[in-house]
Amino acid sequence: RASDSYGANVILHGTALEAFELSSVLAKEHNLTFIHPFDDPTIVAGHATVGIEILDEVPEASTVVVPIGGGGLISGVSLAASLVRPGTTKVFGVEPEGACAMRKSLDEGTAVHLESVDTIADGLAAPMAGELNFEIIQRFVEDIVIVSDSEIQEAMAFLLARTKLLVEPAGAASVAALLAGKIHCGDGPVVALLSGGNVDLERLAELLPR
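Report on the accompanying structure. From a predicted model like this one, the values you see are computed outputs, not experimental measurements.

Procedures and definitions
Residues numbered from 1 in each chain as written. Predicted model: local features only at pLDDT ≥ 70, side-chain atom pairs only at ≥ 80, totals over all residues. Heavy atoms only, no water. Helix = DSSP H or I, 4+ residues; strand = E, 2+ residues; numbered from the N terminus. Buried < 20%, exposed > 50% of the residue type's maximum accessible area, 1.4 Å probe, protein only. Core = buried A, V, L, I, M, F, W, Y, C linked by side-chain atoms within 4.5 Å. Contact = heavy atoms within 4.5 Å.

**Remarks on unusual backbone geometry**
If you check the backbone angles, N31 has positive phi at about 55° while not being a glycine. One can find N31 in the loop between α2 (16-29) and α3 (41-57). The phi dihedral of K164 falls on the positive side, at around 60°, and the residue is not glycine. Overall, the relative accessible area of 64% leaves K164 in the exposed class.

**What about the nonpolar core?**
In terms of nonpolar packing, the biggest core is built from 24 residues, with V94, V147, I152, A172 and I183 touching the most fellow members. Elements with a contribution of two residues or more to this core: β2 (90-96), β3 (143-147), α7 (149-163), α8 (169-179) and α9 (204-207). Here this core takes six residues from α8, the largest share from any one element. Setting aside residues up to four positions removed in sequence, V147 forms contacts with V94, E95, P96, E97, I152, A173, A176, A177 and K182.

**Some points on the environment of I54**
As for its position among the elements, I54 is in helix α3. Residues I54 and V64, 10 residues apart in the sequence, show an inter-C-alpha distance of 8.7 Å. Each residue touching I54, except ones within four places of it in the same chain, is listed here: V64, V191 and L193.

Spatial relationships are all this shows, so hold off on functional conclusions.
In structure tokens, the structure reads:
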């Protein structure tokens, strides 16, 4: 709705993978420039500014936890950490169990495509791991852990109750991993990226645990 109000031509089409395919077709048909949402060096470079800002604000951070969709955000953040705090700040990724393309990619040694995705964290429901992102993550990310939708819901409720922040499921995944004890943090401060607040208020009651 917001994008429509800004004048964008929004096309909703099938699954995430089908939407990717249609985007490529439309770009060729109408001579448009297709900007990949994560598997692109300039997108990764833009995300690296997030890592630089984190380490500027919290230079002693020992651990940074980042939600993963296709891998653009964590690619940039981990690259920045490797340059600003080499060998000191560890970066961990978090994926939902219903859309864990990057975890599977690391396990199989190659960037994979998923046949389907199923998670409340639609911002992390990319149907594939980016090729460039996979290469960067292999080198600079400490580990990728998996969280369940119920753990994400618990994290959303925790953030809303304790910090008064309304965070979308994708953004709450980083805190979900920490609350579930799935990441072994260092001795210094821990930074969890809350990468989105795009919550459908009509679904909020469904997303929060009873």
